[in-house]
Amino acid sequence: MKIQEHTLSAHNFEECMKCTICTAYCPVVPVNPLYPGPKQAGPDGERLRLKDPYFFNKALKYCMNCKRCEVACPSGVNVADIIQEARMKYDDSPVRLRDRLLASTDFMGTVARPFAHVVNAVTGLKVTRLALDATLGIDSSRVFPKYSYRGFESWLRRHRKEQAAFDKQVAYYHGCYVEYNYPKLGKDLVKILNALGIGVRLLEGEKCCGVAMISNGMFKEASRNADRNLGAIRKAVSEGLKVVTTSSTCTFTIRDEYPAILDADNSDVRDSIIMATRFICQALESSGRELRFRDDIKLKVAYHTPCHLAKLGWSIFSLQLLRMIPGVETVLLEDNCCGIAGTYGFKKENSDASQKIGQDLFDEISAVNPDYVVTDCETCKWQIEMSTPYKVLNPISLLADSLAESL
Ligand code: SF4
Ligand code: SF4
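So, how was this worked out
Residues numbered from 1 in each chain as written. Chains lettered and ligands numbered in written order. Predicted model: local features only at pLDDT ≥ 70, side-chain atom pairs only at ≥ 80, totals over all residues. Heavy atoms only, no water. Near = heavy atom within 4 Å. Nonpolar A, V, L, I, M, F, W, Y, C, P; charged D, E, K, R; others polar. Helix = DSSP H or I, 4+ residues; strand = E, 2+ residues; numbered from the N terminus. Expected span 1.5 Å × (residues − 1). Bend = angle between axes of the 7 residues up to and from the residue. Buried < 20%, exposed > 50% of the residue type's maximum accessible area, 1.4 Å probe, protein only. Contact = heavy atoms within 4.5 Å. Pairing = 2+ DSSP bridges. Axes fitted to C-alpha atoms, helices over the stretch in contact; angles between N-to-C directions. Parallel < 35°, antiparallel > 145°, perpendicular 65-115°, else oblique. pLDDT = per-residue confidence, 0-100. Lys, Arg positive; Asp, Glu negative; His and termini not counted. Salt bridge = Lys/Arg side-chain N within 4 Å of Asp/Glu carboxyl O. Phe/Tyr/Trp six-rings, centres within 6.5 Å; stacked < 30°, edge-to-face > 60°. Lys NZ or Arg CZ within 6 Å of the ring centre and 35° of its normal. Patch = residues over 30% accessible without salt bridge, like charges linked within 9 Å, V, L, I, M, F, W, Y side chains within 5 Å. Areas by Shrake-Rupley, 256 points an atom, 1.4 Å probe, with all protein chains shown as cover.

Around ligand 1 sit 13 residues in total, of which C16, C19, T20, C22 and C73 are the nearest. Split into classes, the residues belonging to the shell around ligand 1 amount to nine nonpolar, two polar and two charged.

The structure is reproduced here in C-alpha cells:
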C-alpha cells in the first residue's frame, strides 16, 4: 500500500478515553452499517494503522467530515482530522471522474457560466439526471444548483470606485457559490457593510477553498488552492484588512482544515478570517451605529445551524442579527445535520443515507412551518430546498432585504 509523503499535524488520539460519545453523535453510524464510526475509524483505528497500514479501512470514505464527533468529544480528540489524515496517508484509490468533476468547482463554474441558461435547463431535465446517475453515479434525485450568467467579481469590479470611497474597508472571500451560482449574496453583504460605512474589496486571486477536494481525496489540488488563498489573504491582511466570508464551510476550511489536514500554516492570518455575521455584530458594537430597518416585515424564520458553523461556535452571531430585525420571529432548530455534506449527498452510494440523516431536520422544519429557513451554508440550503417545500436564505440576505436604506 502506497503511503503518501506528508508532514501531518500532531495526532492526539491518545487522549481518547473510549467513552463512545462521538459514536452516539455521528449521523452516519445509524444509517450506514458499513461505516465503523468515529471511535473505531479515528483513535482506535489509528493505533492499529500506526502498527501496520494494512489495517486501513476504505469504509472511512463514508465519514462526511461534519466534525460533530469533535464537537461532542469531552477529551478534545481531533477525531475527524485523524480520519481525514488516514484517508490522505493510506488510501491509494484513484479519484473517480465523478468526484473530480464534483470537486472542481472553479473549473465547472468557469466552463458552465457562459452557457448558464442552457446548462441550467439541461441539468434540470429528468433524462439528464438519469443519464448522470447511470454513467457517473450522481444520484438522479439530486437537484443541481443553478449557475448565474454573471459573476460577483465582475460586478464588484464595476463598483470598485464607490467602494474605495469608504474610509474603512474589508476584503471579501466570496467563494465559488457567490461567484458562479448566487452573486446576490455578495451584493447583499456589500449593501449591509456600506450601510455601516465600510467598503468592500475583492480578495484578489482567491480560489475555491478546496473543501470538496479534501473530501474527494484531491489533497494535492486542495493544497495548491490553500497556498493561493493564504497568499491572497496575507496580502490583504498586510494592507490592514480583515477578510470576511459568507460561507460557514469555506470559513471553517480556511481557518481550521488548512493547518489540520493540509499542513498549511495559517497562524499569522487565521484570526483575520471571520464570518461576515460576526464582523457585522462587532462593527455594530464598536461603532455605535445602528441599521435602519423596514417597518413592514412580519416573518417567522427557522434557523438551522450548519455543522461547520457549530464547530466554529459562531451561530450566535447569525442569531443575533436575525433577532435584530423588527418583525422577524426566529425559531432555533434542534442540532441536526442536514445530511448533504457538500458533494457527499450527490453520490448515488450515499443518497439514501444522506436523506435519512436529514429526515429529523426536515420533519422539524415542517412542524415549525416557517416563512423561510435561514442558514449560513449553501449546501445545507440545497439539501433543505430539495427535501422540503421551504425556501432557504442566508442570514446576510435576510438582513439586507430588511434594511430600510438602499445603496
Ligand atoms: S468522544 Fe472522544 S474520548 Fe470519547 S471515544 Fe470518542 S474520541 Fe474517544
Ligand atoms: S466527522 Fe461526522 S461523519 Fe465523520 S466520524 Fe465525525 S461525526 Fe461521523
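The terminal C-alpha atoms of helix α2 (residues 38–51) lie 19 Å apart, and with 14 residues this matches the ideal 20 Å at 1.5 Å per residue to within 8%. Bending of α2 peaks at approximately 55° at the position of G45. When α2 is considered as a whole, its buried residues turn out to be P38, K39, A41, G42, P43, D44, G45, E46 and R49. Looking at the buried residues of α2, the elements they touch are α1 (21–25), α3 (68–72) and α4 (79–90).

Time to look at unusual backbone geometry. Positive phi values are uncommon outside glycine, yet K18 reaches one of about 60°. Take K18: it is sitting in the segment before α1. Notably, D263 is not glycine yet its phi reads approximately 60°, a positive angle. In this structure, D263 sits in the loop between α15 (248–260) and β4 (273–275). Looking at D263, the relative accessible area reads 35%, which means it is partly exposed.

Across the sheet, four strands lie side by side as β2-β1-β3-β4; this open sheet has parallel pairing. Every other strand in the sheet has two partners, leaving β2 (198–202) and β4 as the edge strands with one partner each. In this sheet, adjacent strand axes meet at a mean angle of 40° when their direction is disregarded. The sheet strands contacting helix α12 (residues 183–195) are β1 (168–173), β2 and β3 (243–245), and the helix crosses β2 at an angle near 145°.

Let us now look at the sheet that holds strand β8 (residues 392–393). Read from one edge to the other, the open sheet built from four strands follows the order β6-β5-β7-β8, with strand pairing classed as parallel. The open sheet terminates on both sides in strands that have one partner only, identified here as β6 (328–332) and β8. Taken together, the five bridges between strand β5 (residues 299–303) and β6 define a ladder with parallel strand orientation. If you follow Y303 over to β6, its bridge partner there is L332. Across the sheet, helix α18 (residues 315–324) touches β5, β6 and β7 (372–374), and the angle it forms with β6 is around 155°.

At a minimum axis separation of 10 Å, helix α19 (residues 348–368) and helix α20 (residues 378–387) run at an interaxial angle of 75°. With respect to α20, the element α19 is oriented roughly perpendicular. The residues of α20 that touch α19, namely those facing S354, Q355, L361, F362 and I365, are Q383, I384, M386 and S387. Counted by class, the contact of α19 with α20 contains five nonpolar, four polar and no charged residues.

A few words now on the environment of P370. Along the polypeptide, P370 turns up in the loop between α19 and β7. Residue P370 is classed as buried on the basis of its relative accessible area of 5%. Separated by 21 residues in the primary sequence, P370 and K391 place their C-alpha atoms 9.5 Å from one another. Dropping the residues within four chain positions of it, P370 is found in contact with K300, V301, A302, I365 and Y390.

The next subject is the confidence of the model for the protein chain. Counting all residues, the mean pLDDT for the protein chain is 93, and 97% of those residues have values of 70 or more. Here residues 1–9 is a poorly scored stretch, pLDDT under 50, and it has 26 contacts once near neighbours within four places are set aside; other chains count.

What follows concerns the side chain of R87. With respect to the helices and strands, R87 occurs in helix α4. Nearest to the buried, unbridged R87 among oppositely charged side chains is D91, at 4.9 Å. For R87, the contacting residues outside a window of four places in its chain are F56, L60, K61, I214, S215, N216, G217 and F219.

Next up on the list: the packing of aromatic side chains. Using the criterion set out here, one finds eight aromatic pairs in the structure. Aromatic side chains Y54 and F55 sit 5.7 Å apart centroid to centroid with 75° between the ring planes, which places their arrangement in the edge-to-face category. Judged by relative accessible area, which is 66%, Y54 ranks as exposed. In this structure F55 comes out as partly exposed when scored by relative accessible area, which is 42%. With a centroid separation of 5.8 Å and 35° between ring planes, the pair formed by F152 and W155 is classed as tilted. Taken as a pair, F152 and W155 lie in helix α9 (residues 152–158) at a separation of three residues, close to a single helical turn. What makes W155 buried here is its relative accessible area of 11%. Among the aromatic residues, those joined into a cluster by ring pairs are F144, Y177, Y182, F346 and W382. The cationic tip of R142 hangs over the ring face of F346; the distance from NZ or CZ to the ring centre is 5.2 Å. K381 extends its terminal NZ or CZ atom over the ring of Y182, reaching a point 5.5 Å from the ring centre.

When you line up the elements, M64 lands in the loop between α2 and α3. Not counting chain neighbours up to four residues away, the residues in contact with M64 comprise P27, V28, C337, G339, A341, Y344 and I357.

Let us now look at a nonpolar patch on the surface. There is a patch of nonpolar side chains on the surface, built from F115, V118, V122, L125 and V127 and spanning about 460 Å² of accessible area. Within the secondary structure, L125 sits in the loop between α7 (116–123) and α8 (126–136). Residue class for L125 comes out partly exposed when judged on its relative accessible area of 42%.

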